[in-house]
Protein chains: 2
Amino acid sequence: MEKKPELCRVDDALSILVGKWKPIILLHLLQKGTLRFSELKRSLPGITQKMLTNQLRELEEEDIISRKVYPQVPPKVEYSITKYGKTLEPILEAMHEWGTKHTLHKKNKVNSKASS
Amino acid sequence: MEKKPELCRVDDALSILVGKWKPIILLHLLQKGTLRFSELKRSLPGITQKMLTNQLRELEEEDIISRKVYPQVPPKVEYSITKYGKTLEPILEAMHEWGTKHTLHKKNKVNSKASS
DNA sequence: TCCTTTAGTATCTTTTTGTATACTATATCA
DNA sequence: TGATATAGTATACAAAAAGATACTAAAGGA
């Protein structure tokens, strides 16, 4: 671990990943490479169009994903993970692994409190 | 990488780490093990007492840190990283490493746009 | 002619986060 | 006697993130 927390660069990665739907959007794009807007929407039950657009725009802004518009009617827009975006994969993987391993931790704490 | 984004557990880790001061607080505690409230405050220029208390409470709630009160006047309260909290270290490390490596990426993008 | 599809935008409201500022108790020190 | 240090709480406010809902264009099909 870095010996100088004051030089902390954790927030650089964190600020890109923070957003209610960003991690799951990235997981889908990392898995499939490219997805249409409507495919993403169908993959994310509960998301509104506004939120999806908004999260995609922010990821695009950071050069994590790219957007390709096909001049058709009805419109077709494809989103792909960029090379740079792929560098986030180890972080997402680490968090997913952690989450999978420790899902029960909090629950156990709550239960042991509740039963005391 | 997990092949089923719909079983995504990334948010479990993310929700613990999200908070303006949490990562840096954790880095300090991971480095030193234990710190007093006032030591933490001095280590975090710009943080208000309310925010520090608040972030510490949330981390304590998640069992990432523990709080020990010494019955003295003036009061003394020590915060330590828990064993469970230490399991977050690889994630923080991955993010810090990513941030360090890619700090220049965005800047370069902005510059190349600005100069076009 | 009207309905459907796609990928959005525009508004408004609610919820969540973060900031600013003032206040507290109590032992010790000058 | 009055200032200082510690670890907070209380209150009000501002800003950011998220949610709900309605609206758009334009080709193709029934």
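Up top is the structure these notes are about.
Not measured: the values here are computed from a predicted model.

Conventions and cut-offs
Residues numbered from 1 in each chain as written. Chains lettered and ligands numbered in written order. Predicted model: local features only at pLDDT ≥ 70, side-chain atom pairs only at ≥ 80, totals over all residues. Heavy atoms only, no water. Salt bridge = Lys/Arg side-chain N within 4 Å of Asp/Glu carboxyl O. Near = heavy atom within 4 Å. Polar contact = N/O pair within 3.5 Å; in protein donor to acceptor, adjacent residues only side chain to side chain. Helix = DSSP H or I, 4+ residues; strand = E, 2+ residues; numbered from the N terminus. Nonpolar A, V, L, I, M, F, W, Y, C, P; charged D, E, K, R; others polar. Phe/Tyr/Trp six-rings, centres within 6.5 Å; stacked < 30°, edge-to-face > 60°. Lys NZ or Arg CZ within 6 Å of the ring centre and 35° of its normal. Contact = heavy atoms within 4.5 Å. Buried area = accessible area lost by both parts, 1.4 Å probe. Axes fitted to C-alpha atoms, helices over the stretch in contact; angles between N-to-C directions. Parallel < 35°, antiparallel > 145°, perpendicular 65-115°, else oblique. Pairing = 2+ DSSP bridges.

Caption draft 1: Representation of the pattern of salt bridges within the structure. Enumeration over the complete set of coordinates arrives at eight salt bridges over all chains. A salt bridge links A:Glu78 to A:Lys76, with the nearest nitrogen and oxygen atoms 3.9 Å apart.

Caption draft 2: Here's a closer look at the protein's contact with DNA strand C. Taken together, 20 residues lie around DNA strand C, and A:Arg67, A:Pro75, A:Tyr79, B:Lys20 and B:Lys50 are the ones closest in. Each atom of DNA strand C within 4 Å of the protein belongs either to a base or to sugar and phosphate, the latter forming 72%. Between DNA strand C and A:Arg57 there is a distance of 3.3 Å, counted from a phosphate oxygen to a side-chain nitrogen or oxygen. For the surface near DNA strand C, the secondary structure elements donating two or more residues are α3 (37-43), α4 (49-61) and β3 (76-81) of chain A together with α4 (49-61) of chain B. For the surface near DNA strand C, the element with the most residues is α4(A), which contributes four residues. Split by residue class, the surface near DNA strand C holds eight nonpolar, five polar and seven charged.

Caption draft 3: Fine view of the packing of aromatic side chains. The tally for this structure, following the rule as stated, stands at two aromatic pairs over all chains. The ring centre of A:Tyr70 lies 4.7 Å from the NZ or CZ of A:Lys76, which sits over that ring.

Caption draft 4: How the structure looks around the interface of chain A and chain B. At the junction of the two partners, chain A supplies 44 residues and chain B supplies 44 residues. For the chain A and chain B pair, buried surface summed over both sides reaches about 4100 Å², with 72% attributable to carbon and sulfur atoms. Viewed at the interface, chain B and chain A are joined by zero salt bridges. In this structure, the connection of chain A to chain B is made through six residue pairs in polar contact (both at pLDDT 80 or more). Elements with a minimum of two residues in the side of chain A that touches chain B: α1 (10-17), α2 (22-32) and α6 (89-114) of chain A. When residues of the side of chain A that touches chain B are assigned to their parent elements, the largest contribution, 15 residues, is made by α6(A). Taken together, the residues of the side of chain A that touches chain B sort by class into 21 nonpolar, nine polar and 14 charged.

Caption draft 5: Main features of the environment of A:His28. Within the element layout of this structure, A:His28 appears in helix α2. Between the C-alpha atom of A:His28 and that of A:Leu40, which follows or precedes it by twelve residues, the distance is 7.9 Å. Residues contacting A:His28, with those up to four places away along its chain left out, are A:Gly33, A:Leu35, A:Leu40, A:Ser43, A:Leu44, B:Pro5 and B:Glu6.

Caption draft 6: Structural detail: the packing of α2(A) against α4(A). Residues and elements named next belong to chain A. Where α2 meets α4, the axes come as close as 10 Å, and the angle between the chain directions of the two elements is 70°. Here α2 is positioned roughly perpendicular relative to α4, judged by the angle of their axes. Contact with α2, carried on its side by Lys-22, Ile-25 and Leu-26, involves Leu-52, Gln-55, Leu-56, Glu-58 and Leu-59 of α4 and no other residues of that element. In terms of residue class, the contact of α2 with α4 is built from five nonpolar, one polar and two charged.

Caption draft 7: Looking closely at the sheet that holds strand β1 (residues 34-36) of chain A. Residues and elements named next belong to chain A. On the basis of which strands lie adjacent, the open sheet formed by three strands has the order β1-β3-β2 and antiparallel pairing. Looking at strand neighbours, the two that pair on one side only are β1 and β2 (65-70), the edges of this open sheet. Going from strand to strand, the sheet's axes swing by 25° on average, the running direction of each strand aside. Here α4 sits on the sheet and contacts β2 and β3; the angle it forms with β2, its principal contact strand, is near 115°.

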